[in-house]
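One-letter residues, chain by chain:
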Amino acid sequence: MNVLPIVGVIYSLLFYFLFLRHPLGGWLQRGFLRQRQGGAARAQIRLFNLMTTLRLVPPIILPYIDVEKLTKKPLPKEYKVRLWKPEDTQACLEIYQMNAPGRFPAEVEQEFEEVLKKDDCAMLVIEDHGRVVACGGLSLAGSEGTLFYGLIHSEFQKKGIGRLLLLSRLARIHGPEVIVNICAVDDSVGYYERFGFTRYALWFSQNGDAHPMAGVSVHPEDCQEIAKFLANEGYPVLPALSA
């Protein structure tokens, strides 16, 4: 007998009665969103979605991006940010492959290749003297955006490129307020949480493992402030994304 769904239901009930009613709700929420077993996690999500539909739980309200923290430190000046081109494919795949072991589900590499083939201007790259050392995308659909494949060459990590990559993507958002989501993995979601992203759901790989999904609200004034900061740091804002 598979007890995982039963465990998931029990955790969901605890989530409802304790997370919403108890002062330790924040701690309980973090435990809920770190549930690692696919069957139990799916049962949790189904029950939580049902309770949301029946208005037994309030809607999730995501905090705003922490622009102050994102722009507090100067950016490295030696890099170039530009839109992805088809000839960047091999370099991006190599960066993906050096980041993947032990972190990304097996099927994600094929999905990454398919994203690159779209060539829809959603992906950008960062160069160091003509060498592609990072890549990442942002897509928009109505009032929601999705960050995807923020990847940095292992030799260039912890040099400020991750923040440059995040800022450069957010600056491309023009128009009304949006919710920006990211389907992350445990090793990377903490980085985004530094800047206001909040875990609020799970996504599942093909083997059933659960992974964190996080999101943040982005106001037009946030994007303007980010664009101004990038310009002052010597990085022109790339063309706006269309929904």
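Structure shown above.
Residues numbered from 1 in each chain as written. Predicted model: local features only at pLDDT ≥ 70, side-chain atom pairs only at ≥ 80, totals over all residues. Heavy atoms only, no water.

**Let's talk about the sheet that holds strand S7 (residues 210–218)**
Basically, it comes down to this: Here the rule is simple: two strands pair whenever DSSP picks up at least two bridges between them. Numbering of helices and strands runs from the N terminus; a helix is a DSSP stretch of H or I covering at least four residues, while a strand is a stretch of E covering at least two. Every axis corresponds to a line fitted to the C-alpha atoms, with the helix fit spanning only the stretch in contact, and the corresponding angles, defined between N-to-C directions, vary from 0 to 180 degrees.
Strand order in this open sheet of 7 strands is S1-S2-S3-S4-S5-S7-S6, and the pairing throughout is mixed. Both outer strands of the open sheet, strand S1 (79–83) and strand S6 (198–204), are each paired with one neighbouring strand and no more. Strand-to-strand twist in this sheet, taken as the mean axis angle between neighbours without regard to direction, amounts to 25 degrees. Here 6 bridges tie S6 to S7, and the two strands are oriented antiparallel to one another. Opposite Phe204, over in S7, you have Ala210 as the bridge partner.

**Details of the layout of surface pockets**
Put simply, the test is: Lining residues are those with an atom within 4 Å of a point, where the points come from a 1 Å grid over the protein atoms alone and group into cavities, where a 1.4 Å probe fits but cannot get out, or pockets, open sets with protein on both sides within 12 Å along at least five of seven lines. Grid points are joined across faces, edges and corners, and a volume is the space filled by probe spheres set on the points. Three classes are used, and their members are as follows: Ala, Val, Leu, Ile, Met, Phe, Trp, Tyr, Cys and Pro are nonpolar, Asp, Glu, Lys and Arg are charged, and the others, Gly among them, are polar.
For the largest pocket, the calculated volume is near 1200 Å³. Elements represented by at least two residues in the lining of the largest pocket include exactly helix H5 (89–99), helix H6 (108–118), strand S4 (144–152), helix H7 (161–170), strand S5 (178–183) and helix H8 (186–193). For the lining of the largest pocket, the leading source of residues is S4, giving 7 residues. A breakdown of the residues in the lining of the largest pocket according to their chemical character gives 22 nonpolar, 8 polar and 12 charged.

**Points about the nonpolar core**
Stated formally: Residues enter a nonpolar core if they are buried and are Ala, Val, Leu, Ile, Met, Phe, Trp, Tyr or Cys, with the set joined through side-chain atoms within 4.5 Å. Each residue's exposure class comes from its accessible area (1.4 Å probe, protein chains only) as a fraction of the maximum for that residue type: buried when under 20%, exposed when over 50%, partly exposed otherwise. Contacts are residue-level and defined by heavy atoms, with any inter-residue pair within 4.5 Å sufficient.
Core analysis: the biggest nonpolar cluster contains 41 residues, and Ile65, Ile126, Leu170, Val180 and Phe197 have the highest contact counts within it. Here this core takes 6 residues from H7, the largest share from any one element. With residues up to four places along the chain from it excluded, the contact list for Val180 reads Leu138, Gly145, Leu147, Leu170, Ile173, Phe197, Ala214, Gly215, Val216 and Val218. Formed by 17 residues, the second largest nonpolar core is a distinct cluster that contains Ile95, Leu116, Ala122 and Phe148.

**Comments concerning the environment of His129**
Inclusion rule: Here a polar contact is taken to be a pair of N or O atoms separated by no more than 3.5 Å, where protein atoms must pair a possible hydrogen donor with a possible acceptor and residues adjacent in sequence count only if both atoms sit in side chains.
Tracing the chain through its elements places His129 in the loop between strand S2 (123–128) and strand S3 (131–141). Classification of His129 as exposed rests on a relative accessible area of 73%. As a C-alpha pair, His129 and Lys80 span 49 residues in sequence and 7.9 Å in three-dimensional space. At a separation of 3.0 Å, a polar atom in the side chain of His129 contacts the side chain of Asp128.

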